[in-house]
Amino acid sequence: MEQPISNNKDINFRGYHVASFPSLKNELDEDNNLITPQEVRYETLSWIDREFNPDRFNPSEALNDGSSPSEIKIYIASPPKLVDEKPKFSNDNSSCSSSSPTITELSKTEELENQKTENQSYSNYGTFSNPIKNQNLNYEPLNNNFNNNKFNKKDSSNEYFIIDHDFNKTAYNSYQNSKEKLYSVVTDQETNIIDDSETTPLTASHNHSNSPYKSNGIVPFLQTWSIQCIKFLPAVLLGVLLNLLDSLSYGIIIFPKHESMPSTYVQSGISMFLVSTIVAQLVYASGLSKFKGGNGSMMIEVMPFLHIICQTIIEKIGADKPKEIIATVMVAYAISTILTGLVFYLLGTFKMGNIMSFFPRHILIGCIGGIGLFLVQTGIEIITGYSFELGFTYIKNIFTTPTLPIWLISITLAFGLSIVHTKIHHPLLVPTFFITLPVIFYLIVWIGGFNLDELREQGWLFNLISDDGHNDVPFYTFWTYFDFKATQWSVIPYTLSTIFALVFFGILHVPINVPALSVSVNTEVDINKELKIHGYTNFISGLIGSLQNYLVYSNSVLFIRSGGNSNIAGFMLALGTFALLVVGTSFIKYVPTIIIGGLIFHLGIDLMKEALVDTFKTVSPIEYLTIVLIVVCMDVWGFTQGIIVGIIVACIFFIITLSRRRIIRSVHSGPELPSTVYRLRNQRTFLNDAGIQIKVIRFQGFIFFGTFQQINDYINNMILKTDSYDIKYIIFDFKLVSGMDYSASEAFIKIKSNLKKRKIYLILCNVQPSSIDPLNRVGFLSNIDDDDNNEYFEYFNNYDSAIEWCENMLLETQYDASKRIYVLKTLEDGSTRLLLTRESVYNNSNNYSSSSSNNNINRMSAFTPSPSPITPLSACKSVVKTNINEFEQPLKLLIHTLLNENNEVDMNVFTELTRYFKCFEIKKDKILWDKTTPAFENQIYIVESGQALLYTVNENSNHVIKEKVTGTLVPYSVIGEVEFFSKLQHRTKLVAQGGSKLWSINYSNYESLCNSHPDIALKFIQLILQCSSGRMENVLKHDLIKSLY
């Protein structure tokens, strides 16, 4: 029972005080096992507190008695002493060691040498343990809730129990001396010992020759086996009882109730059920299966298909030939079982155990509901003798028959049991219920003095008489039905469609039952191996003339949890079931009909409830409609037809549902997802404004005729009819498209033609191979080199190339590409300043005449916002236009890169900076930095010619390293300034391509610059940050691109 946390101020949760968090205390009061978001957040804040207040978590500060660290007492749990309950520690230190022999007292100041022997491990709680296997022995661990703190205060005591994780020599010697008192652990006791030869702290240096548990000779062996058999006996009796109930309820309906069937068909059906169950049980108990104690049984879900096979054979042969009918039926049954075994074996051999998981679950549920309705109708037929027919006559007959009270009581009992089962979920409820019914029935018969023969004539008891007039029918009677001479082989092909449906439906349950049982009994299994074992059991069962079988989930769980978790118990269950078979079916005449009817009605109602009631608010309306439709079709037309109708309807609804899924993942404009090229600031400013003419459409999923209309509607309604601005470029990104069909490929040709008429470029990128083939087949990509047909069409392998091409087109057609003009101003004090403007602006300035100087300055300011004030012309001694290209490197490079339009900088800044930059000429690709580059080697690079690529390097869960280009450095690009000024290690990789030329500044030169010219160093920082001001925004956008994939 969980103890509520008290209201004490020193409440401790995972080693942290939570007294100041009342909401957390309330959460802990409700459920100590529930980890709330508040607790997680508190732990996060606690670690922050640890970082800045480490002294609060120092164990020595927790000592309030003033003792020095050398006087701290350390108590180590001594594992060899087995105890029933934890010892009581008193407040008196002197009495602690004497009152508890499992505690060894040591002094912290003793110099001890750690010593660990082979095959020994010391756990965090002071006890020896094997990490491979759980240990149920109750050793004294002091306090198991140490967590991060290495001390824990017991109430108000001054004692602190500290676990010494370095198990020292003295403690180990003490442990060795005390462990000699132990004997070997009992073999059936679950311990941490793996085998007898293992050397562990519990068995090291121990002589097993004197152990009282050592067995020699046949007598102890038989005693052990006898004990084991007695131990498994309750589970075996329960398993035999379950097999008996199942054989009575389902064995009697293996053959339909028809005049052409032999009079012993009920007894033979029960025998066939038990034979199939025994075969399955023997195979599972042989050790082939991973499930120890798994229960095999006949596959009851195939009952409707067996009846359809019988009806087909009766219709083809004629009801007047009973011998030929039963012989042909037995052969058809055996063929269906052999085919089921072959399919199971092939599925396991070719590792196709998970293929059935692709079958729609709601179709299987619909089939289960159809089986439930069939069982209800069969139960009525067994009691009343009327077969189900659509019409009022059938309803009239079953409600006017003398057996009306019998089937009404049976179905009422089944409904009552289902209602009780919703309140009581114990697995023994159903067996107990049906065992109690015969006792109550015969008690009423005895009290009322009813005659059994009269009750049998009225239908309250089964009246089973063989053809020769004997009540006893041997268990091997069904084998006498086989007569290959009387078998009508020409009729077998008419049953093949039903046999295939039976096989298909039969194999659906095993891939569901096996994983479910694996989880319930905590056993790792290979689904493919279990399928092969099912193939063995069914193939053998078919060869001896019996029916399909499988591993039963519910019976197996009940059997194993009742103590039958052994192959020996499974073999004993097979023997018990065989004894039940040999005893015969003579006892059936004493079984009340309401029990058989109640069993059948119970399963039928339970299956219908699972299909029609439990799924009502669980599945979607379309799926629920499919389930109801399958149940109705199975009842009206047949099970095979019902499955086919269900699959067709599911496919139609799947197409409708899939067509409603959004095929357009996202829509963006050019500025939202720019290219990774490091462009100049004024070009980025222009592209941020003009980039709205680029529309990026990202698709996802499978594009087919049902979803393509979304694309067509968006192109027509959102793009072609937009009047606010003109769209010039449309990018279709197929990165997340898994494929497309022929209809979608044809529709893309139509879109391409419509865009060409409006002179809009269509650009495709990231087209996957699954989409390239359909587009090639319709000629969309095959004639891409034809300039006439592809005037407004481009195709790129990746998105970055596509958006870069569109940006270049905008720069080429709309960007003010007039010549950059550098104006050199000489001030009155003799200093020179450099101003950047455009030729179009400079030519309209009337050579900077004083009368128009203010207007020209305003015009220049309007072109690009100025980060710093521009010196008025009146304050200048001279203003001349200069040719920067005549300057030497790196002066020309620094001016082109760092000076922005409408920005004025002292010329001495650039001149002085040239002394601190050095040149790198890259002859072949070279890594300038990566994640392993130390921070003190950081540099700022400026590209003069060539290019460099910036990569992000990520390692996935499979330890596969992937690199992705996130930046392309072209001439006049700056990189590395963030890590340089912050002195952080790089998290990316920069590769300069061969033939490139770069200039850089390192920490040594930068420190010299700061010491010599601090004002220029400050201006350098400002210029660098101006160049990279918009780049961080692009980095975030690039991360967005990656998140979209």
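Residue indices begin from 1 for each chain and proceed along its sequence in written order. This being a predicted model, a pLDDT of at least 70 is required before a residue's local features are given, and a value of 80 or more before pairs of side-chain atoms are given or counted; all residues contribute to the totals for chains, interfaces and linings. Only hydrogens and water are set aside; all other atoms, that is, all heavy atoms of the structure, feed into the side-chain values.

What to know about the overall build of the protein
Item 1. Helix and strand content of the protein: 34 helices and 23 strands.
Item 2. For every accessible area listed, the method is Shrake-Rupley and the probe measures 1.4 Å; residues are considered covered only by the protein chains on display. Total accessible area on the protein is roughly 52,900 Å²; 55% of this is exposed by carbon and sulfur atoms. The secondary structure listing takes helices from DSSP runs of H or I that are at least 4 residues long and strands from runs of E that are at least 2 residues long, numbered from the N terminus.

Considerations on the sheet that holds strand β20 (residues 961-969)
Item 1. Two strands make a pair as long as DSSP finds a minimum of two bridges between them. Spatial ordering of the open sheet is given by β17-β22-β19-β20, a layout of four strands whose pairing is antiparallel. In this open sheet, the two strands that pair with only one neighbour each are β17 (926-929) and β20. Here the strands of the sheet are splayed against their neighbours by 35 degrees on average, with no regard to which way each runs.
Item 2. Pairing geometry for strand β19 (residues 948-955) and strand β22 (residues 988-992), over five bridges, is antiparallel. Considered in β22, the bridge of Leu949 is made with Val991. Lines fitted to C-alpha atoms define the axes, with helix axes restricted to the stretch in contact, and inter-axis angles between N-to-C directions lie between 0 and 180 degrees.

Concerning the pattern of salt bridges
Item 1. Any Lys or Arg side-chain nitrogen found within 4 Å of a carboxyl oxygen on Asp or Glu counts as a salt bridge. Counted by the stated rule, this structure contains 11 salt bridges.
Item 2. When the shortest N-O distance is used, the salt bridge between Arg456 and Asp453 registers 3.3 Å. Residue Arg456 and its partner Asp453 are both found in helix α13 (residues 452-458); the two are separated by three residues, about one turn of the helix.
Item 3. For Arg456, a relative accessible area of 12% corresponds to the buried category.
Item 4. Here the salt bridges share partners, and the residues they tie into one network are Lys825, Arg833 and Glu904. For each residue, the accessible area found with a 1.4 Å probe, counting protein chains only, is set against the maximum for its type, and the residue is called buried under 20%, exposed over 50%, and partly exposed in between.

Observations regarding the packing of helix α11 (residues 404-423) against helix α19 (residues 593-613)
Item 1. Between α11 and α19, the shortest axis-to-axis distance is 8 Å and the interhelical angle comes to 50 degrees. Taken together, the axis directions place α11 and α19 in an arrangement best described as oblique. Read as a crossing pair, α11 and α19 show a hand that is right-handed. Between α11, through Ile406, Trp407, Ile409, Ser410, Ile411, Leu413, Ala414, Phe415, Leu417, Ser418 and Thr422, and α19, the contact on the second element is made entirely by Thr593, Ile594, Gly597, Gly598, Phe601, His602, Ile605 and Lys609.
Item 2. When residues are sorted by character, Ala, Val, Leu, Ile, Met, Phe, Trp, Tyr, Cys and Pro go into the nonpolar class, Asp, Glu, Lys and Arg into the charged class, and all the rest, Gly among them, into the polar class. For the contact of α11 with α19, the residue count by class is 11 nonpolar, seven polar and one charged. When an angle is under 35 degrees it counts as roughly parallel; over 145 it counts as roughly antiparallel; between 65 and 115 it counts as roughly perpendicular; any other value is oblique. By definition, any crossing whose near helix is turned counterclockwise from its far helix by less than a right angle is left-handed, and any crossing with a clockwise turn is right-handed. Contact criterion: two residues are considered in contact whenever any of their non-hydrogen atoms come within 4.5 Å of each other.

Some remarks on helix α16 (residues 527-543)
Item 1. To estimate how far a helix should extend, the number of its residues minus one is multiplied by 1.5 Å. Between its first and last C-alpha, α16 extends 24 Å over 17 residues, near the 24 Å set by a 1.5 Å rise per residue.
Item 2. Burial in α16 covers these residues: Ile527, Asn528, Glu530, Leu531, Ile533, His534, Gly535, Thr537, Asn538, Ser541 and Gly542.
Item 3. Close packing links the buried residues of α16 with α6 (265-285), α8 (322-349), α15 (510-520) and β6 (549-551).

Considerations on the nonpolar core
Item 1. Throughout, nonpolar core names a set of buried Ala, Val, Leu, Ile, Met, Phe, Trp, Tyr and Cys residues whose side chains join them through atoms within 4.5 Å. One finds Ile252, Ile254, Phe255, Leu306 and Tyr333 to be the most contacted residues of the largest nonpolar core, which totals 113 residues.
Item 2. Residues within four places of Phe255 in sequence aside, it is in contact with Met261, Tyr265, Gly269, Met272, His307, Ile326, Val329, Met330 and Tyr333.
Item 3. Core analysis: the second largest hydrophobic core is formed by 32 residues, Phe910, Phe917, Ile942 and Phe980 among them.

Observations regarding α8
Item 1. Along its 28 residues, α8 runs 41 Å from first to last C-alpha, staying within 8% of the 40 Å computed at 1.5 Å per residue.
Item 2. Positive phi appears at Lys351, one or two residues downstream of α8, with a value of about 55 degrees.

Remarks on the sheet that holds strand β9 (residues 729-740)
Item 1. Here we have five strands laid out as an open sheet, ordered β7-β8-β9-β10-β11, and mixed in their pairing. Bordering the open sheet on either side are β7 (664-669) and β11 (793-796), each of which pairs with just one other strand. Looking at each pair of strands side by side, their axes are set apart by 20 degrees on average, direction ignored.
Item 2. Where strand β8 (residues 694-703) and β9 come together, nine bridges link them in parallel fashion. In the strand pairing of β9, Ile703 is matched with Met740.
Item 3. Running at roughly 175 degrees to β9, helix α24 (residues 742-757) makes contact with β8, β9, β10 (761-765) and β11 of the sheet.
Item 4. Docked against the sheet, helix α26 (residues 799-814) engages β8, β9, β10 and β11, running at close to 170 degrees with respect to β9.

Brief notes about the packing of aromatic side chains
Both the distance between ring centres and the angle between the ring planes are used here to describe each pair of aromatic rings.
Item 1. A pair of aromatic rings is counted whenever rings of Phe, Tyr or Trp (Trp by its six-membered ring) have centres within 6.5 Å, and the orientation is called stacked for planes under 30 degrees apart, edge-to-face for over 60 and tilted otherwise. If you walk through the whole model with that rule in mind, you get 38 aromatic pairs.
Item 2. Ring centres 5.7 Å apart and planes at 25 degrees place the aromatic pair Phe255 and Tyr333 in the stacked group. Here Tyr333 lies in helix α8 and Phe255 lies in the loop between α5 (218-250) and α6, a separation of 78 residues in the sequence. Each of the two residues, Phe255 as well as Tyr333, counts as buried.
Item 3. When the centroid spacing of 5.4 Å and the interplanar angle of 80 degrees are considered together, the rings of Phe980 and Phe981 count as edge-to-face.
Item 4. Owing to a relative accessible area of 1%, Phe980 belongs among the buried residues under this scheme.
Item 5. For Phe981, a relative accessible area of 29% gives the class partly exposed.

A few points about the side chain of Ser745
Item 1. Among the structural elements, Ser745 can be located in helix α24.
Item 2. With a relative accessible area of 0%, Ser745 lands in the buried category.
Item 3. In this structure the side chain of Ser745 is engaged in a polar contact, spanning 3.5 Å, whose partner is the backbone oxygen of Pro774.
Item 4. Ser745 has contacts with Met740, Pro774, Leu775 and Val778, leaving out every residue within four places of it along the chain. Any pair of N or O atoms that falls within 3.5 Å is considered a polar contact. Within protein, one atom must be able to donate a hydrogen and the other to accept it, and sequence-neighbouring residues count only if both atoms are side-chain atoms.

Topic: the confidence of the model for the protein
Item 1. Confidence of the predictor at the level of single residues is captured by pLDDT, which takes values from 0 to 100. Mean pLDDT for the protein: 76, with 71% of residues reaching 70 or above.
Item 2. Per-element mean pLDDT across the protein ranges from 36 in strand β1 (residues 12-13) up to 96 in α8.
Item 3. Taken together, the stretch residues 1-34 has pLDDT below 50 and engages in 46 contacts with residues farther than four places along the chain or on a different chain.
Item 4. Segment residues 846-866: pLDDT under 50, and 27 contacts once partners within four positions in sequence are set aside and those in other chains are kept.

Looking at the packing of helix α22 (residues 681-690) against α26
Item 1. Interaxial distance between α22 and α26 falls to 11 Å at its minimum, and their mutual angle equals 100 degrees. Here α22 lies roughly perpendicular to α26, going by the angle between them. Mapping the contact onto sequence places Gln683, Phe686, Leu687 and Ala690 in α22 and Glu807, Leu810, Leu811 and Gln814 in α26.
Item 2. When its residues are assigned to classes, the contact of α22 with α26 shows five nonpolar, two polar and one charged.

Observations regarding the environment of Thr495
Item 1. Within the secondary structure layout, Thr495 lies in helix α14 (residues 492-506).
Item 2. In this structure, the C-alpha to C-alpha distance between Thr495 and Phe305, residues 190 residues apart in sequence, is 9.9 Å.
Item 3. In contact with Thr495, other than residues within four places in its own chain, are Ile309, Thr312, Ile313 and Ala332.

Regarding unusual backbone geometry
Residues other than glycine predominantly adopt negative phi, and peptide bonds predominantly adopt the trans conformation.
Item 1. Cis peptide bonds are those with omega within 30 degrees of zero, and the linkage from Gln889 to Pro890 qualifies with 5 degrees.
Item 2. You can see Pro890 is positioned in the loop between β14 (876-882) and α29 (891-898).
Item 3. Unlike most non-glycine residues, Asn522 shows phi in positive territory, near 55 degrees.
Item 4. On the secondary structure map, Asn522 appears in the loop between α15 and α16.
Item 5. Here Asn522 falls in the exposed class, since its relative accessible area comes to 71%.
Item 6. Phi angles above zero are rare outside glycine, and Lys759 is one such case at about 55 degrees.
Item 7. Residue classification places Lys759 among the exposed positions, given a relative accessible area of 56%.

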